[in-house]
Amino acid sequence: TAIDTASPSPVVVQQRTRRERWQMEQRCEHFLSRIMEDSYADGFSEPVDTTEYDDYLSVVETPMDLGTIQKNLANGEYERDLRAFRRDVKLVWHNCKIYNVHGSGIWQAADYLDKLSARLMKAWVLDFEDGQVPY
């Protein structure tokens, strides 16, 4: 019988998968912390108060905020789905831009954070290959 040396044992694959998942989560946590530390992000850390903005849910189909993303990340909800993490981050900025007047202060903050998060997501999460979190 021939021994298949090309494919690793299931234990090795499982360990590598856990390690890769941990690295991805660590990169996402670092990315999210950096975004939330930005002074322009203050208005995006909690859900929109729909009692104050009572028409919000008629404009925004799927509300999202950075605090909810942080909780989801901590709870492992993005464990196997980097696309869902990226989608939720983009959704925060998208929701703000469709609800608020184009060019308003909050719209400009969302636009700035959208561009910053796209840049950081690419550099710190998507393209990062050596397994270390950049500081």
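For clarity, every value in this text was computed on a predicted model and none was experimentally measured.

Draft legend 1. Layout of the packing of helix 4 (residues 82-99) against helix 5 (residues 105-126). Relative to each other, helix 4 and helix 5 sit at 165 degrees, their axes nearing to 8 Å. In terms of axis orientation, helix 4 runs roughly antiparallel to helix 5. In the packing of helix 4 onto helix 5, the handedness of the crossing is left-handed. On helix 5, the residues that touch Leu82, Phe85, Arg86, Val89, Trp93, Cys96 and Lys97 of helix 4 are Ile106, Trp107, Ala110, Asp111, Leu113, Asp114, Ser117, Met121, Val125 and Leu126. Taken together, the residues that form the contact of helix 4 with helix 5 break down as 12 nonpolar, 1 polar and 4 charged.

Draft legend 2. Inspection of the environment of Phe44 at higher detail. Along the polypeptide, Phe44 turns up in the loop between helix 1 (10-37) and helix 2 (56-59). It is 5.9 Å that separates the C-alpha atoms of Phe44 and Leu66, two residues lying 22 residues apart in sequence. Ignoring anything within four residues of it in the chain, the contact list for Phe44 reads Asp65, Leu66, Gly67, Val92, Trp93, Cys96, Ile106, Ala109, Ala110 and Leu113.

Draft legend 3. Expanded view of the pattern of salt bridges. Across all of its chains, the model carries 5 salt bridges by this definition. Between Arg34 and Asp38 there is a salt bridge whose closest N-O contact spans 3.6 Å. A residue is classified by how much of its surface remains accessible, and Asp38, at 8% relative accessible area, is buried. Its salt-bridge partner being Lys97, residue Asp111 comes within 2.8 Å of it at the nearest N-O pair. Of this pair, Asp111 sits in helix 5 while Lys97 sits in helix 4; the two residues are 14 residues apart in sequence, bridging distant segments of the chain. Under the relative-accessibility criterion, Asp111 is labelled buried at 17%. Within this structure, Lys97, Asp111, Asp114 and Lys115 form a network of salt bridges that share partners.

Draft legend 4. Seen up close, helix 5. For helix 5, which comprises 22 residues, the first-to-last C-alpha distance of 30 Å matches the rise-based estimate of 32 Å (1.5 Å per residue) to within 8%. Those residues of helix 5 not exposed but buried are Trp107, Ala109, Ala110, Asp111, Leu113, Leu116, Ser117, Leu120, Met121, Trp124 and Val125.

Draft legend 5. Molecular detail of the packing of aromatic side chains. Per the counting criterion, the structure on display carries 6 aromatic pairs. Judged by centre distance (5.9 Å) and plane angle (70 degrees), the rings of Phe31 and Phe85 are edge-to-face. With Phe31 in helix 1 and Phe85 in helix 4, this pair connects stretches of sequence that are 54 residues apart. In this structure Phe31 comes out as buried when scored by relative accessible area, which is 1%. For Phe85, a relative accessible area of 0% corresponds to the buried category. Counting every residue linked through ring pairs, the aromatic cluster contains Phe31, Tyr78 and Phe85. Above the ring of Trp107, the side-chain terminus of Lys97 is found at 5.2 Å from the ring centroid.

Draft legend 6. Structural detail: the packing of helix 3 (residues 66-74) against helix 4. In contact at an axis separation of 10 Å, helix 3 and helix 4 are set at 170 degrees when each is read in the N-to-C sense. Comparing their axes, helix 4 and helix 3 come out roughly antiparallel. Like other packed secondary-structure pairs, helix 3 and helix 4 cross with a definite hand, here right-handed. Between helix 3 and helix 4, the contacting residues are Leu66, Ile69, Asn72 and Leu73 on the first element and Phe85, Asp88, Val89, Val92 and Trp93 on the second. Of the residues that constitute the contact of helix 3 with helix 4, the class distribution is 7 nonpolar, 1 polar and 1 charged.

Cut-off values and rules
Residues numbered from 1 in each chain as written. Predicted model: local features only at pLDDT ≥ 70, side-chain atom pairs only at ≥ 80, totals over all residues. Heavy atoms only, no water. Axes fitted to C-alpha atoms, helices over the stretch in contact; angles between N-to-C directions. Helix = DSSP H or I, 4+ residues; strand = E, 2+ residues; numbered from the N terminus. Parallel < 35°, antiparallel > 145°, perpendicular 65-115°, else oblique. Left-handed = near helix turned anticlockwise from the far one by under 90°. Contact = heavy atoms within 4.5 Å. Nonpolar A, V, L, I, M, F, W, Y, C, P; charged D, E, K, R; others polar. Salt bridge = Lys/Arg side-chain N within 4 Å of Asp/Glu carboxyl O. Buried < 20%, exposed > 50% of the residue type's maximum accessible area, 1.4 Å probe, protein only. Expected span 1.5 Å × (residues − 1). Phe/Tyr/Trp six-rings, centres within 6.5 Å; stacked < 30°, edge-to-face > 60°. Lys NZ or Arg CZ within 6 Å of the ring centre and 35° of its normal.

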